[in-house]
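# Reading the structure
Residues per chain are reported as follows:
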Amino acid sequence: MNLPLPNSPHVEKPNGDHNAGLWYDKFFNGWDETLTQVPDGNKADWVSHSASKCGTQSTLSEQYGRLQNLVTVRGGQVLYFKTDGRFVTGLGRGHPVENGFVWHHTLGVPYLPGASLKGVLRAWAREQGVEQSLRARIFGPSDRYIAGIGSVIFFDAIPPGPVQLQADVMTPHYGPYYQDEQANIPPADWHNPVPIPFLVVADVQLFVFALAPRRESHPQDTKDCETVAGWLEDALTWLGAGAKTAVGYGRFRLDRAATEAVAEGQRQAQQECGRKAELGKRLLNLSPLAQELEREIETAHLDTDKNAFCAPPRIEQWLDKLEARPAPDAVSRFSGLVEKHFPRLLENPNKTKGKRNERVFNDRQRHIAERLLTLNDKQL
């Protein structure tokens, strides 16, 4: 059986929008002449050649934006973590260099699958003595023969930008001892250590972790999601994620500034959704002109921003519309805006003050009041 591209000199590392994971897994060209062995030097060269930045910013930003929007709509949690040391996952996967690597199949970057994240948090909850009933509710039954799902959704942890990779090496000193199935070879110091290269994610690389309640707007699921988000920092700090966690790989630290910024953005997005829903309710029983006015009030903040409301010729344009096709609800709403920003203008446009009887309202304001009062009289 022929292997694909065994010794092709044209297999170069892709740049730009290419998928680095596809290249790493499928286009290895370090086989020897027999196509059955890979010289150790070729393994090290392949890993070293792969140790650079991977991922395309535009693609990663698009994916992150979709993830954030989905989690925000579902009322979930988005948290930023940075690698606190090296991180590696997928060493057990098959590869000619002996150690595999987990790549996101479409983004071409390292990631932590949601199932792996769920496993880390389940282990953390068990170690912390969390009640089995709560663990079962959040993560689902631990018995694989019992059907059921948990109250929290665990998304894949992805980087929001390109990721720096590095070459690492492990050096087993007792290879013959580990490979001896008959247990006849002792772990002695005369065995030759054999360096094994592998690929890792560098220190201080940013990843986005996301959780969401299984049922939207469900109080218990939302509470469980918040509980798990509280466990996440400790679990990633103390247990770590991925491979080789027992020797310090896979630790993460929370980026509080970025996480708080995302949380604030989520709050604003949720408030905006609430405002839009409230606007929709207000528009249901209004005339077309009043609906148009309400939309402009919402988008231009005419209720709260006096300068926006008074900026010429906005008021005059609306008076023209109201005079051309008067609608009682639109006239009433517009009169309320004028009264809010110019208190008592409609009550007494010619009001004066002081010994000189100086007018309180200028010519433009009095003209606005005159036109609006005429419209109100017509409605009566």
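Since this is a predicted model, take the numbers as computed values, not measurements.

### Description of the pairing of strand 6 (residues 206-213)
- Counted residue by residue, strand 6 has seven buried out of eight residues, so it is predominantly covered.
- Across six bridges, the pairing between strand 2 (residues 77-83) and strand 6 is antiparallel. Within the sheet, the bridge partner assigned to F81 lies in strand 6 and is F207.
- Looking at chain direction, strand 3 (residues 152-154) and strand 6 are connected through three bridges and run antiparallel. What sits directly across from F154, in strand 6, is L211.

### With respect to a nonpolar patch on the surface
- A surface patch of nonpolar side chains, amounting to about 390 Å² of accessible area, comprises Y174, Y177, Y178 and I185.
- Among the secondary structure elements, Y174 is positioned in the loop between strand 4 (163-170) and helix 6 (175-179).

### Comments concerning unusual backbone geometry
- Cis peptide bonds are those with omega within 30 degrees of zero, and the linkage from P312 to P313 qualifies with 0°.
- Inspection of the secondary structure assignment puts P313 in the loop between helix 10 (306-310) and helix 11 (314-324).
- With phi around 60°, A183 is a residue other than glycine that occupies positive phi space.
- Relative to the helices and strands, A183 is located in the loop between helix 6 and strand 5 (196-201).
- Look at V204: it is not a glycine, yet its phi comes out positive at around 60°.
- Its place among the elements puts V204 in the loop between strand 5 and strand 6.
- Assessed through its relative accessible area of 40%, V204 is described here as partly exposed.

### Here we look at helix 7 (residues 219-238)
- Taking 1.5 Å of rise per residue, 20 residues should cover 28 Å, and helix 7 covers 29 Å from first to last C-alpha, within 8% of that figure.
- Considering bend angle alone, the principal kink of helix 7 is centred on W231 and spans about 30°.
- Within the sequence span of helix 7, burial applies to D221, D224, C225, V228, A229, W231, L232, A235 and L236.
- The elements touched by buried residues of helix 7 are strand 2, helix 4 (114-127), helix 5 (132-139), strand 3, strand 6 and strand 7 (252-254).
- Looking at the residues trailing helix 7, positive phi occurs at G240, about 80°.

### Quick look at the sheet that holds strand 1 (residues 53-54)
- Strand order in the open sheet made by the three strands is 1-4-5, with antiparallel pairing throughout. Across the chains shown, the open sheet's two edge strands, defined by having one partner strand only, are strand 1 and strand 5.
- Examined bridge by bridge, strand 1 and strand 4 share two bridges and lie antiparallel to one another. Paired with C54 across the bridge in strand 4 is V163.
- Where helix 2 (residues 40-50) meets the sheet, its contacts fall on strand 4 and strand 5, and the angle it forms with strand 5 comes to roughly 10°.

### Thoughts on the sheet that holds strand 6
- Taken in spatial order, the four strands make up an open sheet running 3-6-2-7, and their pairing is antiparallel. Of all the strands in the sheet, just strand 3 and strand 7 have a single pairing partner and so form its edges. Between one strand axis and the next, the sheet turns by 35° as a mean value, whatever way the strands run.
- In this fold helix 3 (residues 57-73) packs onto strand 2 and strand 6, with an angle of close to 30° to the strand it touches most, strand 6.

### Describing the layout of surface pockets
- Taken as a whole, the largest pocket encloses approximately 210 Å³ of empty space.
- If you trace the largest pocket, you find it lined by E98, P172, G175, P176, Y178, Q179, N192, V194 and I196.
- No other element matches the four residues that helix 6 contributes to the lining of the largest pocket.
- Classifying every residue of the lining of the largest pocket by side-chain character gives five nonpolar, three polar and one charged.
- In terms of lining residues, the second largest pocket is bounded by E272, R275, R282, I297, E298, H301, L302, D303, T304 and R333.
- Listing elements by their share of the lining of the second largest pocket, those giving two or more residues are helix 8 (256-283) and helix 9 (288-300).
- It is helix 8 that contributes the most residues to the lining of the second largest pocket, three residues altogether.
- Of the residues contributing to the lining of the second largest pocket, the split by class is two nonpolar, two polar and six charged.

Reading the values: the criteria
All residue numbers refer to positions counted from 1 along the written sequence of the respective chain. Under the rules for a predicted model, residues below a pLDDT of 70 receive no local features and side-chain atom pairs below 80 are neither given nor counted, while totals for whole chains, interfaces and linings still include all residues. Side-chain numbers here rest on the full set of heavy atoms in the structure, without hydrogens or water. The buried label applies to any residue whose accessible area, calculated with a 1.4 Å probe on protein chains only, is under 20% of its type's maximum; exposed applies above 50%, and partly exposed to all values in between. Each helix is a run of H or I in the DSSP string that is no shorter than four residues. Each strand is a run of E no shorter than two, and both are numbered from the N terminus. Two strands pair if DSSP finds at least two bridges between them. Patch construction takes residues with relative accessible area above 30% that form no salt bridge. Like charges are linked within 9 Å, and nonpolar side chains (Val, Leu, Ile, Met, Phe, Trp, Tyr) are linked within 5 Å. In this description, accessible areas are obtained by the Shrake-Rupley approach with a 1.4 Å probe, and a residue is regarded as covered only by the protein chains that are shown. Here, a salt bridge means any Lys or Arg side-chain nitrogen found within 4 Å of an Asp or Glu carboxyl oxygen. The length a helix should cover is 1.5 Å for every residue beyond the first. In this analysis the local bend is the angle between axes fitted, respectively, to the seven residues ending at and the seven residues starting at the residue. The contact definition used throughout considers only heavy atoms, calling two residues in contact when any of these lie within 4.5 Å. Fitting a line to C-alpha atoms yields each axis, with helices limited to the stretch in contact; the angle taken between N-to-C directions then spans 0 to 180 degrees. In this analysis, the protein atoms alone were mapped onto a 1 Å grid. Cavities are point sets where a 1.4 Å probe fits without being able to get out; pockets are open sets with protein on both sides within 12 Å along at least five of seven lines; lining residues have an atom within 4 Å of a point. Grid points are joined across faces, edges and corners, and a volume is the space filled by probe spheres set on the points. The nonpolar class holds Ala, Val, Leu, Ile, Met, Phe, Trp, Tyr, Cys and Pro. Asp, Glu, Lys and Arg form the charged class, and all remaining residues, Gly among them, are polar.

All we've got here are geometric facts, nothing functional implied.
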